[in-house]
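Each chain, written out:
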Amino acid sequence: MNTPPQTGESPAPGPAARVLVVDDDPMQLRAFHKILSRAGYDVETSDNATAALALLNGDGFDAVVSDVAMPEMDGLDLLNAMKERELSVPVVLVTGGATVETAARAVELGAVRYLIKPVSLNDLRSAVGHAVLTRRVEVKRNVVDSLKVAARELDLRQRLGEDLDRALAALWMAFQPIVSYRERRVVAYEALMRSDDPVLPSPGQIVGAAERLARLPDVGRAVRRNVAAAIPTVPNGTDVFVNLHALDLEDDDLYDPEAPLSAFAPRVVLELTECAPFETIKGLQERLATLRRLGYRIAVDDLGAGYASLSVFAQLLPNVAKIDMSLVRGVDQNPARLIVIQAILELCTKLKSHVVTEGVETAAERDALLSVGCDWLQGYLIGKPGRTFAAPNF
Ligand code: G
Ligand code: MN
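The sections below set out a description of the structure shown in this document.

Parameters and conventions
- Residues numbered from 1 in each chain as written.
- Chains lettered and ligands numbered in written order.
- Predicted model: local features only at pLDDT ≥ 70, side-chain atom pairs only at ≥ 80, totals over all residues.
- Heavy atoms only, no water.
- Donors = N, O, S within 2.8 Å, 3.2 Å for Na, K, Ca; no water.
- Helix = DSSP H or I, 4+ residues; strand = E, 2+ residues; numbered from the N terminus.
- Buried < 20%, exposed > 50% of the residue type's maximum accessible area, 1.4 Å probe, protein only.
- Core = buried A, V, L, I, M, F, W, Y, C linked by side-chain atoms within 4.5 Å.
- Contact = heavy atoms within 4.5 Å.
- Near = heavy atom within 4 Å.
- Polar contact = N/O pair within 3.5 Å; in protein donor to acceptor, adjacent residues only side chain to side chain.
- Areas by Shrake-Rupley, 256 points an atom, 1.4 Å probe, with all protein chains shown as cover.
- Disulfide = S-S within 2.5 Å.
- Salt bridge = Lys/Arg side-chain N within 4 Å of Asp/Glu carboxyl O.

### Some remarks on the coordination of the manganese ion (ligand 2)
Each angle at a metal carrying four tetrahedral donors should ideally be 109.5 degrees, and each at a metal carrying six octahedral donors should ideally be 90 or 180 degrees.
Here is step 1 of the chain: Looking at the manganese ion (ligand 2), one finds its protein donor set to be Glu190 (OE), Asn243 (OD1), Glu271 (OE) and Asp301 (OD), positioned 2.1 to 2.4 Å from the metal centre.
Here is step 2 of the chain: Every donor residue of the manganese ion (ligand 2) comes from the same chain, spaced as E-x52-N-x27-E-x29-D. Of this pair, Glu271 sits in strand E9 (residues 268–273) while Asp301 sits in strand E10 (residues 297–303), and the two are 30 residues apart along the sequence. An identical accessibility class is assigned to Glu271 and Asp301; each is buried.

So, in structure tokens, the structure goes:
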């Protein structure tokens, strides 16, 4: 029966506190076992510190009572080893030969009590009671702390979720022209996500929040819904490029013939960024085939910005390849960049992919690109993304 100890420092009610007694003297072990068991504790014994340490690793103890003088590993070594392993079970040390040094060291290592042999029944019970109480208070504090952390995280997620809802409600699409420079005509507009929300105004912030909340499909759906709503206003005879997140490929809504954008699929080119983790998408080839059956065309976005360009390219066999602006930047002053672009252009022509060079900002960049055969251009020089479909700058 678990009768509580008779001293003032009784352990909290509930299951019996577990105490580990460590002593190399079998008589002493037996005596402590008896006293503490009678006081209502669940007692285990160990005749050496190494074995005790192994038992403590399995945790579940509320207090340790350990002799100081033991062969090989003594009580202070045990305390030290426990500290190193971050085992925070309170330890009561018991010693036959008390010295100021060992007492000081014991305190330094965090022993909760230091008892001198022979130990009286009451002293032992009081010390263990105190140790167990210390432990229970600490465990409670840890639980409370972790609950507080969880509550804070929950609160943050809740607020982020509300921010995301608001940002998605305030979503609109900007359109940036993609032109055939040779023909001096707009061939398509790239739809770019924008939001009037003050907390999450940029596409990066919206996508970041959605990733944290595992709500990426909500963003993809909102984008496609907005594009579908805007398509009737897009000038006739032009296509619409829409950016997909790689994970959008796993959203059934994308393949639903009843989804808002599906009605416009033959006019839509879906941009997949080559930086995305395509290898993790299950059944990628079937998914692409389904999209093509719905009428969509596929573009590889940001070509040249990632590492896997060519393998992704071979995997997707895109209708359109968009060369990343990092390759375009300063191309008029960098012959090597121009050679790379020219090589991509040749490769794409052989694979029957149209090439768009993105991020053209200066007339010199434009002319360098035209000189090697690029025709479809996009960038601030030609036209900035906007709410309206302003005439491009040829
Ligand atoms: O990853 P993606 O290629 O979809 O990124 C398009 C982004 O690049 C848009 O946010 C758009 O505003 C921006 N952008 C478009 N044209 C230019 C340009 O000429 N220069 C720069 N620096 N950014 C551009
Ligand atoms: Mn894009």
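Having put the structure on the table, let's press on.
### As for the nonpolar core
Here is step 1 of the chain: Counting 70 residues, the largest nonpolar core has Ile206, Val227, Leu249 and Leu270 as its most contacted members.
Here is step 2 of the chain: Sort the elements by how many residues they give to this core and helix H7 (residues 216–230) lands first, with seven residues.
Here is step 3 of the chain: If we skip the residues at most four places from it in the chain, Ile206 touches Leu164, Ala167, Leu168, Leu171, Met193, Ser195, Leu200 and Val219.
Here is step 4 of the chain: Counting 23 residues, the second-largest nonpolar core is a separate cluster that includes Phe61, Met82, Val91 and Leu109.

### Focus on the site of ligand 1
Here is step 1 of the chain: Residues in contact with ligand 1 amount to 16 residues; listed here are only the nearest, Gln176, Glu190, Glu358, Glu361 and Tyr380.
Here is step 2 of the chain: A distance of 2.8 Å separates an oxygen atom of ligand 1 from a polar side-chain atom of Glu358.
Here is step 3 of the chain: One of the backbone N or O atoms of Tyr380 is found 2.8 Å from an oxygen atom in ligand 1.
Here is step 4 of the chain: Here ligand 1 loses 75% of its free accessible area of 530 Å² to cover by the protein chains.
Here is step 5 of the chain: When residues of the shell around ligand 1 are traced back to their parent elements, those giving at least two are strand E7 (185–195) and E10.
Here is step 6 of the chain: Looking at which element gives the most residues to the shell around ligand 1, the answer is E7, with three residues.

### A word on the state of the cysteines
Here is step 1 of the chain: Summed over all chains, the structure comprises zero disulfides.
Here is step 2 of the chain: This cysteine, Cys348, is not joined by any disulfide, and Cys374 carries the nearest cysteine sulfur, 9.7 Å off.
Here is step 3 of the chain: Here Cys348 falls in the buried class, since its relative accessible area comes to 0%.
Here is step 4 of the chain: Note on Cys374: relative accessible area 3%, which makes it buried.

### With respect to the pattern of salt bridges
Here is step 1 of the chain: One pass over the full model with this rule turns up 24 salt bridges.
Here is step 2 of the chain: Linking Lys117 and Asp23 is a salt bridge whose minimum nitrogen-to-oxygen distance equals 3.7 Å. Highlighted residues: Lys117 in the loop between strand E5 (113–116) and helix H5 (121–169) and Asp23 in the loop between strand E1 (18–22) and helix H1 (26–38), separated in sequence by 94 residues.
Here is step 3 of the chain: Exposure remark for Asp23: the relative accessible area of 1% places this residue in the buried category.
Here is step 4 of the chain: A salt bridge links Glu138 to Arg135; the shortest N-O distance between them is 3.5 Å. Of this pair, Glu138 and Arg135 both sit in helix H5, three residues apart, which is roughly one turn of the helix.
Here is step 5 of the chain: Since its relative accessible area comes to 15%, Arg135 is described here as buried.

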